Structures are given as C-alpha cells and as structure tokens.
Amino acid sequence: MPIDKFNTLTSSAVPMPIENVDTDQIIPARFLKAIERKGFGDNLFRDWRYDSHNEPIQDFILNNPLYRGSILVAGENFGSGSSREHAAWAIYDYGFRVVVSSFFADIFKNNALNNGLLPVQVSAEFLNKIFKIIDANPNAEFKVDLISQELTIIETGETTNFDINTYKKECLLKGYDDIDYLLSLKEKIEAFEK
C-alpha cells in the first residue's frame, strides 16, 4: 500500500486526552491476522468504540459526530506496549495523518514514521492549549507544516516546533518507505558499482 506524500496539512482534530494508550488498545491482538495494511481502520480502538454486541459506544470520541479531521490529539505516552506495526496501520487506515502528543513510545513513533503517519511531539503545555481550543470549538483547525516542522493553532496563531529525523522527514515529503528510498538511489548505486 503506497504512502501518501506529506507536506502541509490543515485540518480539524479529534481529541482523545487519555494517557498511556497502548498498542493493544489502538488495535486489539485478535485483529492482527492480516498482513496487508488495509482494513485495520475498522478496528481502531475497537474495544472502546463498540460494545459486546458490536453497537457503537456513544460516549467514545470517534463515535461523536462533533469531532472530525485528519489529526488525532492524544494524551501523554501514546503508543506504549507491544511493538505491533498494525497500530500505525490502523490509525493511518482510519484516515488520520498526524498524531499529536506530549510523548510517544519510541517503537510506535518509528512505526508511524515508516508508514506515512506523522507523530508530532509537543510540550504538555501546548498539548493542553490544543485540548482547550477543541473543547471550546470542535471545528477549530490546526496546520501541520512538515517542511518548517511547525504546528499552528489557526484560531490563535500560536505555533510550536517539533523534531523529526531528517531521513524520515525526506521519506514523508516524497511518500517513500525504506524500499522506495533505496530504489530512488538506484542510479547512484549502479554508478558506484561501475
């Protein structure tokens, strides 16, 4: 499944101020049988979204029609637990392109970057500002600019910078996974071999 190029995203956001969300909560283990990166969005946060009769749990944020967008705003320590890459697949397949948190588990962060999902780590203070803005206005928009590595709250104009590995940044900008990146160097590799 190809990765979309990422440059700039302006979108509203879905707030999920829950701390210590682990990968089993993001995509429960019973849904890990597939090996392709498609269809996982249907089971994103499955046990929080649906009851035992497969009925939507009304008070879970993804079931609330007030909140839409390509940005998931999460509490601290997002993506802890097992190293399952499927967690990033599920978030991406659901339609999110950015996850904002004040801290990400390292393995989740790398899995996200490898699969076209941008993890934006901000300070706890800036994260709280985002949650307050969304609480006051569910349609509030945010701009994520990968080139300048900035996240902006459009309503207030407040901006913060975020860090990203230079190689992963280049891959996201070009829509490359690791194999695509190597293939992009084919001519240079062949020239070096000669």
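Our structure's up above, just so we're on the same page.
Reading guide: rules and limits
Residues numbered from 1 in each chain as written. Predicted model: local features only at pLDDT ≥ 70, side-chain atom pairs only at ≥ 80, totals over all residues. Heavy atoms only, no water. Salt bridge = Lys/Arg side-chain N within 4 Å of Asp/Glu carboxyl O. Helix = DSSP H or I, 4+ residues; strand = E, 2+ residues; numbered from the N terminus. Buried < 20%, exposed > 50% of the residue type's maximum accessible area, 1.4 Å probe, protein only. Phe/Tyr/Trp six-rings, centres within 6.5 Å; stacked < 30°, edge-to-face > 60°. Lys NZ or Arg CZ within 6 Å of the ring centre and 35° of its normal. Arc of directions from axis to C-beta. Polar contact = N/O pair within 3.5 Å; in protein donor to acceptor, adjacent residues only side chain to side chain. Core = buried A, V, L, I, M, F, W, Y, C linked by side-chain atoms within 4.5 Å. Contact = heavy atoms within 4.5 Å.

Asker: I keep staring at the pattern of salt bridges and nothing clicks. Help me out?
Answerer: Once the charged atoms of two side chains with opposite charge are near each other, the side chains can pair. This model, assessed by the stated rule, comprises four salt bridges. In this structure, the salt-bridge partner of Glu170 is Lys174, at a minimum N-O distance of 3.0 Å. One end of the pair is Glu170 and the other is Lys174, both in helix 6 (residues 166-174) and four residues apart, which spans about a single turn. Given the relative accessible area of 29%, Glu170 is considered partly exposed. Residue Lys174 is classed as partly exposed on the basis of its relative accessible area, which comes to 39%.

Asker: Got a minute to help me understand the packing of aromatic side chains in this structure?
Answerer: For any two aromatic rings, the description comes down to two numbers: the centre-to-centre distance and the angle of the planes. Here the structure, examined in full by the defined rule, presents eight aromatic pairs. Put simply, the rings of Phe45, Trp48 and Phe60 pair up and form one aromatic cluster. Of note, Arg46 hangs over the ring of Tyr50, and the distance from its end group to the ring centre comes to 4.3 Å.

Asker: What should I look at first to understand helix 6 in this one?
Answerer: Listing the buried residues of helix 6 in full gives Lys168, Lys169, Cys171 and Leu172. The arc that holds every buried residue of helix 6, seen down its axis, measures 165 degrees, which confines them to one face. The opening residue of helix 6, the one whose side-chain oxygen lies 2.8 Å from the backbone nitrogen of Tyr167, is Asn165. Where helix 6 terminates, the next one or two residues include Gly175, which has phi positive at roughly 75 degrees.

Asker: Whenever I open this one, the nonpolar core confuses me. Can you help?
Answerer: Across soluble globular proteins, nonpolar side chains have a tendency to be buried as a group. Counting 53 residues, the largest nonpolar core has Phe45, Phe78, Val100, Phe108, Leu118 and Phe142 as its most contacted members. When residues in this core are grouped by element, the largest group, six residues, is from helix 5 (residues 124-136). Setting aside residues up to four positions removed in sequence, Phe142 forms contacts with Leu9, Thr10, Ser11, Ala13, Ile71, Ile130, Ile133, Ile134, Leu151, Thr152, Ile153 and Ile154.

Asker: I would appreciate a short explanation of the environment of Asn63 in the present structure.
Answerer: Among the secondary structure elements, Asn63 is positioned in the loop between helix 2 (46-49) and strand 2 (71-74). Owing to a relative accessible area of 17%, Asn63 belongs among the buried residues under this scheme. Expressed as a C-alpha distance, the spacing of Asn63 and Ser12, which sit 51 residues apart in the sequence, is 16 Å. Not counting chain neighbours up to four residues away, the residues in contact with Asn63 comprise Arg49, Pro56, Ile57 and Gln58.

Asker: Looking at this model, I keep getting lost on the side chain of Ser12. Mind explaining?
Answerer: One can find Ser12 in strand 1 (residues 8-16). Relative accessible area serves as the criterion here: at 15%, Ser12 is assigned to the buried category. Residue contacts for Ser12: discarding those within four places in its chain leaves Arg68, Gly69, Ser70, Ile71, Pro138, Asn139, Ala140 and Glu141.

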